[in-house]
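Each chain is listed here by its residues.
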Amino acid sequence: MEIKQLRYFLVVAEELHFARSAERLHVVQAVVSQQIRRLEHELGQPLFDRSKRQVALTAAGCRLVPEARAVLDAVSHAAAAVRSRSDESDAPPHLRLGIAGGSGKRVDLLLDHLGTHFPDLLVTLEIGQVWEQLDAVRSGALDAALVRLPRNDQDLNLIPAWVDRIVVAIPTRHPLASKPDLALSDLADLPLRLIPSEQNPAFAATVLRACADSGFEPGTGIPFRDLQTTVLELGSGPPSWTAMYEGSAQAMSTERVTFRPVTDPGMVVQMWLAVRERTTLVDALAEACAHI
């Protein structure tokens, strides 16, 4: 049984006239009759009743109509899928990447490194909370996401990307600002303006745990607002300090506030690349993370 035979059969079943079917198929009537006879011979059943002046479907022909349509629909769908896949392969690669706030220049370096391997790469960036990013990767809305402090999600692959340092901001007029780096214990006498736990529980817990490991519990300063406002306010009023990711500090510029790294080992956070599966593009992304 051939696809062409089923196609000819359906046209005749619709027209119920061999001459009109031949015109529709752009062949001579003898070819249509020949293909139908071959199909009937293979099936061992007459498909059309030619005894009357008008062609009619037999019971076997009626049963074949939906089956033939299903076969031709499947062939059409298969061809469309192949063409679609071919179109995709011709299109430039597209990366939908979730990024965490405070990544700073690392994302620029990451994209520059990727661009050397994928010159036509189209990148769409999405910023969001860690759990939003993970859900987007899980659903397929994102190809990958750079996240900090994720849970142990068994359905996702977590690839180490880089380590983010947490730095502190202090008033430039304070004597500690003259030091190239600080220990958290240097700040024990200054109140801390820390992002509330309900806004970023993992970050707040990391800073408070590092302070506890250094032997002190920081005093509470003026309530934290947003990061930019809080940093600007540090330059005036009673001395205090706050903490942020190094990438966030790189994006800020004010002479009244000084940003300093700290020597305490607890003031670092691992950045992870979360993906559903390893692909050529994901492998290149992971390699780029390791080189920045």
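Residues numbered from 1 in each chain as written. Predicted model: local features only at pLDDT ≥ 70, side-chain atom pairs only at ≥ 80, totals over all residues. Heavy atoms only, no water.

Some thoughts on the overall build of the protein chain
Helix and strand counts for the protein chain stand at 10 helices and nine strands. By principal-axis analysis of the C-alpha atoms, the protein chain measures approximately 110 × 35 × 30 Å. The proportion of buried residues among the 292 residues of the protein chain is 40%. For the protein chain, restricting intrachain contacts to residue pairs at least 6 apart in sequence, the fraction spanning at least 24 positions comes to 72%. Of the charged side chains in the protein chain, 29 are positive and 36 negative, and the gap between their average positions amounts to 8 Å. (Helix = DSSP H or I, 4+ residues; strand = E, 2+ residues; numbered from the N terminus. Buried < 20%, exposed > 50% of the residue type's maximum accessible area, 1.4 Å probe, protein only. Contact = heavy atoms within 4.5 Å. Lys, Arg positive; Asp, Glu negative; His and termini not counted. Charge placed at Lys NZ, Arg CZ, Asp CG, Glu CD.)

A few points about a nonpolar patch on the surface
A cluster of nonpolar side chains, namely Ile3, Val71 and Val75, defines an oily patch on the protein surface of about 190 Å² accessible area. One can find valine 75 in helix 4 (residues 59-90). (Patch = residues over 30% accessible without salt bridge, like charges linked within 9 Å, V, L, I, M, F, W, Y side chains within 5 Å. Areas by Shrake-Rupley, 256 points an atom, 1.4 Å probe, with all protein chains shown as cover. Salt bridge = Lys/Arg side-chain N within 4 Å of Asp/Glu carboxyl O.)

Considering unusual backbone geometry
Its identity is not glycine, yet leucine 16 carries a phi of approximately 50 degrees, on the positive side. Examined against the element boundaries, leucine 16 turns out to sit in the loop between helix 1 (3-15) and helix 2 (18-25). With a relative accessible area of 26%, leucine 16 lands in the partly exposed category.

A short note on the nonpolar core
Counting 25 residues, the largest nonpolar core has Ile166, Leu184, Leu187, Phe203, Val207, Trp241 and Met267 as its most contacted members. Among the secondary structure elements, those contributing two or more residues to this core are strand 6 (157-171), helix 7 (201-213) and strand 7 (242-245). With residues near it in sequence (within four places) discarded, leucine 184 still touches Ala210, Cys211, Ser214, Phe216, Trp241, Val262, Asp264 and Met267. (Core = buried A, V, L, I, M, F, W, Y, C linked by side-chain atoms within 4.5 Å.)

Some points on the side chain of glutamine 5
Assignment of secondary structure puts glutamine 5 in helix 1. Once residues lying within four places of it in the same chain are set aside, the contact partners of glutamine 5 are Gln35, Arg38, Leu39 and Glu42.

Regarding the environment of glycine 101
Following the sequence through the fold, glycine 101 ends up in the loop between strand 3 (94-99) and helix 5 (106-117). Taking the relative accessible area as the measure of exposure, glycine 101 reaches 41% and is therefore partly exposed. Expressed as a C-alpha distance, the spacing of glycine 101 and glutamate 246, which sit 145 residues apart in the sequence, is 11 Å. Beyond its immediate chain neighbours, meaning those up to four positions away, glycine 101 contacts Ile127, Arg148 and Tyr245.

Some details on the environment of arginine 50
Assignment of secondary structure puts arginine 50 in the loop between strand 1 (48-49) and strand 2 (56-57). Sequence separation between arginine 50 and valine 268 is 218 residues; the distance between their C-alpha atoms is 86 Å. Sequence-distant contacts of arginine 50, that is, excluding residues within four places in its chain, are made with Phe18, Ile36 and Glu40. Here the side chain of arginine 50 touches glutamate 40 through a polar contact of 3.3 Å, side chain to side chain. (Polar contact = N/O pair within 3.5 Å; in protein donor to acceptor, adjacent residues only side chain to side chain.)

Here's the deal with helix 1
Spanning 13 residues, helix 1 covers 19 Å between terminal C-alpha atoms, matching the ideal 18 Å at 1.5 Å per step. Among the residues making up helix 1, those that are buried are Gln5, Leu6, Tyr8, Phe9, Leu10, Val11, Val12 and Ala13. Trailing helix 1 by a residue or two, leucine 16 shows a phi angle of about 50 degrees, which is positive. (Expected span 1.5 Å × (residues − 1).)

Quick notes on the side chain of threonine 58
With respect to the helices, strands and loops of the structure, threonine 58 is situated in the loop between strand 2 and helix 4. In this structure the side chain of threonine 58 is engaged in a polar contact, spanning 2.6 Å, whose partner is the backbone oxygen of proline 46. If we ignore the near neighbours within four places in the chain, the residues touching threonine 58 are Pro46, Leu47, Phe48 and Asp49.

Description of the packing of helix 5 against helix 10 (residues 280-290)
Where helix 5 contacts helix 10, the axes come no closer than 9 Å and their chain directions differ by 130 degrees. Overall, the two elements helix 5 and helix 10 adopt an arrangement that is oblique. In the packing of helix 5 onto helix 10, the handedness of the crossing is right-handed. Contact residues: helix 5 offers Leu110, His113 and Leu114, while helix 10 offers Ala284, Leu285, Glu287, Ala288 and Cys289. A breakdown of the residues in the contact of helix 5 with helix 10 according to their chemical character gives six nonpolar, one polar and one charged. (Axes fitted to C-alpha atoms, helices over the stretch in contact; angles between N-to-C directions. Parallel < 35°, antiparallel > 145°, perpendicular 65-115°, else oblique. Left-handed = near helix turned anticlockwise from the far one by under 90°. Nonpolar A, V, L, I, M, F, W, Y, C, P; charged D, E, K, R; others polar.)

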